[in-house]
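# Examining the three-dimensional arrangement
What follows is each chain in one-letter form.
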Amino acid sequence: MIKKRLNIRMSGLGGQGAVTAAHVMAMAANRDGKFSISNPFFGAEKRMAPAESYCRIGIERIYDRGELVFPDVIEVFHPQVITMGKSYTMPFYSGIKEGGVVIINSAQNLLSEEDIERLKDLNVAVFYIAGTELAIEVAGTELSTNMTMIGSVAGITKCVSMEALDGALQERFGKKFVASGGTASLDEAIKKKFAKKEMLLQKNLATVKRAYEIASEWAEKNKIELKVGNPAVAA
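The name given to the protein chain in an unreviewed UniProt entry is Ferredoxin oxidoreductase, with the source organism recorded as Nitrospira defluvii.

## Section: the overall build of the protein chain
The secondary structure content of the protein chain amounts to 9 helices and 8 strands. Going through the 235 residues of the protein chain one by one, you find that 52% of them count as buried. Of the contacts formed within the protein chain by residues at least 6 apart in sequence, a portion of 75% connects residues at least 24 apart. For the protein chain, the accessible area works out to roughly 11200 Å², and carbon and sulfur atoms hold 51% of it.

## What to know about the side chain of S216
Relative to the assigned elements, S216 resides in helix α8 (residues 197–221). Apart from the residues within four sequence positions on either side, S216 is in contact with G155 and K158.

## Focus: the packing of aromatic side chains
Taken as a whole and judged by the stated rule, the model has 4 aromatic pairs. When the centroid spacing of 6.3 Å and the interplanar angle of 35 degrees are considered together, the rings of F41 and Y54 count as tilted. Here the residue F41 occupies a position in strand β3 (residues 35–42), and Y54 occupies one in strand β4 (residues 50–58), the gap between them amounting to 13 residues. Here the aromatic rings of F127 and W218 are separated by 4.8 Å at their centres, their planes lie at 40 degrees, and the arrangement is tilted. Here the residue F127 occupies a position in strand β7 (residues 125–129), and W218 occupies one in helix α8, the gap between them amounting to 91 residues. Of the two residues, F127 and W218, both sit in the buried class. Aromatic rings pair up to connect F41, Y54 and Y88 into one cluster. Positioned above the aromatic ring of F173, the side-chain terminus of R172 is 6.0 Å from the ring centre.

## Structural notes on the packing of helix α1 (residues 18–31) against helix α5 (residues 145–157)
Closest axis-to-axis distance for the α1/α5 pair is 9 Å, and the angle between their directions is 40 degrees. On the basis of the axis angle, α1 is oblique to α5. The two elements α1 and α5 cross, and the hand of that crossing is right-handed. Residues T20, A21, V24 and M25 of α1 lie in contact with α5, whose contacting residues are N146, I150 and V153.

## Some thoughts on the pattern of salt bridges
Across all of its chains, the model carries 7 salt bridges by this definition. D64 is paired through a salt bridge with R5; the nearest N and O atoms lie 2.9 Å apart. Within this pair, whereas D64 is found in the loop between β4 and β5 (73–76), its partner R5 is found in strand β2 (residues 5–13), the two being separated by 59 residues in sequence. The structure contains a network of salt bridges with shared partners spanning K3, D72 and K97.

## Section: unusual backbone geometry
A cis geometry characterises the amide bond from M90 onward to P91, with omega recorded as -5 degrees. Structurally, P91 is set in the loop between α2 (80–83) and β6 (101–105). With phi around 60 degrees, N123 is a residue other than glycine that occupies positive phi space. Along the polypeptide, N123 turns up in the loop between α3 (113–121) and β7. Notably, K223 is not glycine yet its phi reads approximately 55 degrees, a positive angle.

## Considering the side chain of H78
Residue placement: H78 occurs in the loop between β5 and α2. For H78, the side chain forms a polar contact with the main-chain nitrogen of Q80, separated by 3.1 Å.

## Details of the packing of helix α6 (residues 162–173) against α8
One way to put it is that α6 packs onto α8 with a least axis distance of 10 Å and a crossing angle of 150 degrees. As judged from the angle between their axes, α6 and α8 are roughly antiparallel. Regarding α6 and α8, the two cross each other, and that crossing is right-handed. Touching M162, L165, D166, L169, Q170 and F173 of α6 are K197, L200, L201, N204, L205, V208, K209 and Y212, all from α8. Considering only residue class, the contact of α6 with α8 consists of 9 nonpolar, 2 polar and 3 charged.

What counts as what
Residues numbered from 1 in each chain as written. Predicted model: local features only at pLDDT ≥ 70, side-chain atom pairs only at ≥ 80, totals over all residues. Heavy atoms only, no water. Helix = DSSP H or I, 4+ residues; strand = E, 2+ residues; numbered from the N terminus. Buried < 20%, exposed > 50% of the residue type's maximum accessible area, 1.4 Å probe, protein only. Contact = heavy atoms within 4.5 Å. Areas by Shrake-Rupley, 256 points an atom, 1.4 Å probe, with all protein chains shown as cover. Phe/Tyr/Trp six-rings, centres within 6.5 Å; stacked < 30°, edge-to-face > 60°. Lys NZ or Arg CZ within 6 Å of the ring centre and 35° of its normal. Axes fitted to C-alpha atoms, helices over the stretch in contact; angles between N-to-C directions. Parallel < 35°, antiparallel > 145°, perpendicular 65-115°, else oblique. Left-handed = near helix turned anticlockwise from the far one by under 90°. Salt bridge = Lys/Arg side-chain N within 4 Å of Asp/Glu carboxyl O. Polar contact = N/O pair within 3.5 Å; in protein donor to acceptor, adjacent residues only side chain to side chain. Nonpolar A, V, L, I, M, F, W, Y, C, P; charged D, E, K, R; others polar.

Have a look at this one:
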């Protein structure tokens, strides 16, 4: 399916880097010559509190930046979003468009039979990835879990290129970028986890690439296609 715009809703808990993930995706899209907007949506600015962020990527200028009610892709950063209802929308997949994709950070199935049937009726594909475990394996820290989620959505949708993601990560964690608000503390925590900034960038990029490969292979195997482009030209 080729779309003029891809709407991504990232649902997680405070401190997981969902806001940073949306921002990196938007920056990468700009580098690829697309239009994009990212924005956060959260209540209490603290760890483990429900948090959402949105990333809109398209081939035409984007003006709306409010709550993303009808996403094409939903990323679940933490199992508690599903198991404990830590989400601003219930069920967590509320509003997802027909033919969309749900990406869940978990090594096991978390959906009820009712959820599975509902998503099946909407022709929504569900991709599970042990994102936190992968982050620990590749980067050596769970703080890079958001990198696995970035790699997953990019691998499935191809909405941004790996080259653009590399550049966006360089910009996001380089000296020129100054984080603000709730993301600043997370960025600093990640930086302290590594001895050198170069190591941070290397490990983050390696995590993104590994998740990208896993997700891309899954999408190809299951014939999942959800790309940003011009439908008229594609036809």
